[in-house]
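# An overview of the molecular structure
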Amino acid sequence: MVWGLAALAIAVAVAGALWPRFVPLCFTPENHVVCPTRTESARGDRADEIAHGASRWDYLAVEVAGVVAAAVASAMTLGGSNGTAAPVKVPLRS
């Protein structure tokens, strides 16, 4: 399950980097193109600016933020669990 989710995240990152219109990261409020790592003034067709506005660094920034969020959520879940002698299963608080 974990490897499948990791493969899916990597596939989305690669698809977004290769085909910017597949996973749009930028939006255009009030004559600006806003991306995760920068903001620029809008000049022409907004669809083209959105597609070409995101760089590979934007996709990296979003992926890193997702990995950090997953690590924090995992740490919070494991930090609140009760100890057990079972070698595989992780008990969750109920």
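Residues numbered from 1 in each chain as written. Predicted model: local features only at pLDDT ≥ 70, side-chain atom pairs only at ≥ 80, totals over all residues. Heavy atoms only, no water.

In this section: the overall build of the protein. Along the backbone of the protein there are 3 helices and 2 strands. Sequence-ordered secondary structure for the protein, helices as α and strands as β, is α-β-β-α-α. Residues classed as buried in the protein amount to 15% of the 94 residues present. Pairs at least 24 residues apart make up 32% of the contacts formed inside the protein by residues separated by at least 6 positions. With an accessible surface of roughly 7,100 Å², the protein has 68% of that area assigned to carbon and sulfur atoms. (Helix = DSSP H or I, 4+ residues; strand = E, 2+ residues; numbered from the N terminus. Buried < 20%, exposed > 50% of the residue type's maximum accessible area, 1.4 Å probe, protein only. Contact = heavy atoms within 4.5 Å. Areas by Shrake-Rupley, 256 points an atom, 1.4 Å probe, with all protein chains shown as cover.)

Applying the stated criterion across every chain yields a total of 1 disulfide. Paired by a disulfide, Cys26 and Cys35 hold their sulfur atoms 1.9 Å apart. The sign of the 110° torsion about the S-S bond sets the Cys26-Cys35 disulfide as right-handed. Overall, the relative accessible area of 9% leaves Cys35 in the buried class. (Disulfide = S-S within 2.5 Å.)

This paragraph deals with the pattern of salt bridges. Following the criterion strictly, the structure yields 1 salt bridge and no others. With its nearest N and O atoms 3.1 Å apart, the salt bridge here joins Arg38 to Asp58. With Arg38 in the loop between β1 (32–34) and β2 (39–41) and Asp58 in helix α3 (residues 56–79), the pair connects residues that are 20 residues apart, well separated along the chain. Accessibility expressed as a relative area gives 27% for Arg38, which makes it partly exposed. Accessibility expressed as a relative area gives 0% for Asp58, which makes it buried. (Salt bridge = Lys/Arg side-chain N within 4 Å of Asp/Glu carboxyl O.)

Right, let's talk about the confidence of the model for the protein for a bit. Across the protein, the average pLDDT comes to 75, with 71% of residues at or above 70. Per-element mean pLDDT across the protein ranges from 62 in helix α2 (residues 46–53) up to 83 in α3. (pLDDT = per-residue confidence, 0-100.)

This part covers a nonpolar patch on the surface. On the surface, a nonpolar cluster with roughly 650 Å² of combined accessible area is contributed by Trp57, Leu60, Val64, Val68, Val72 and Met76. Of note, Val64 is situated in helix α3. (Patch = residues over 30% accessible without salt bridge, like charges linked within 9 Å, V, L, I, M, F, W, Y side chains within 5 Å.)

With respect to the secondary-structure elements, Leu60 resides in helix α3. With 46 residues separating them along the chain, Leu60 and Val14 place their C-alpha atoms 9.9 Å apart.

Note on placement: Phe27 falls in the loop between α1 (2–18) and β1. For Phe27 and Thr39, which are 12 residues apart along the polypeptide, the C-alpha to C-alpha distance reads 9.8 Å. With residues near it in sequence (within four places) discarded, Phe27 still touches His32, Val33 and Val34.

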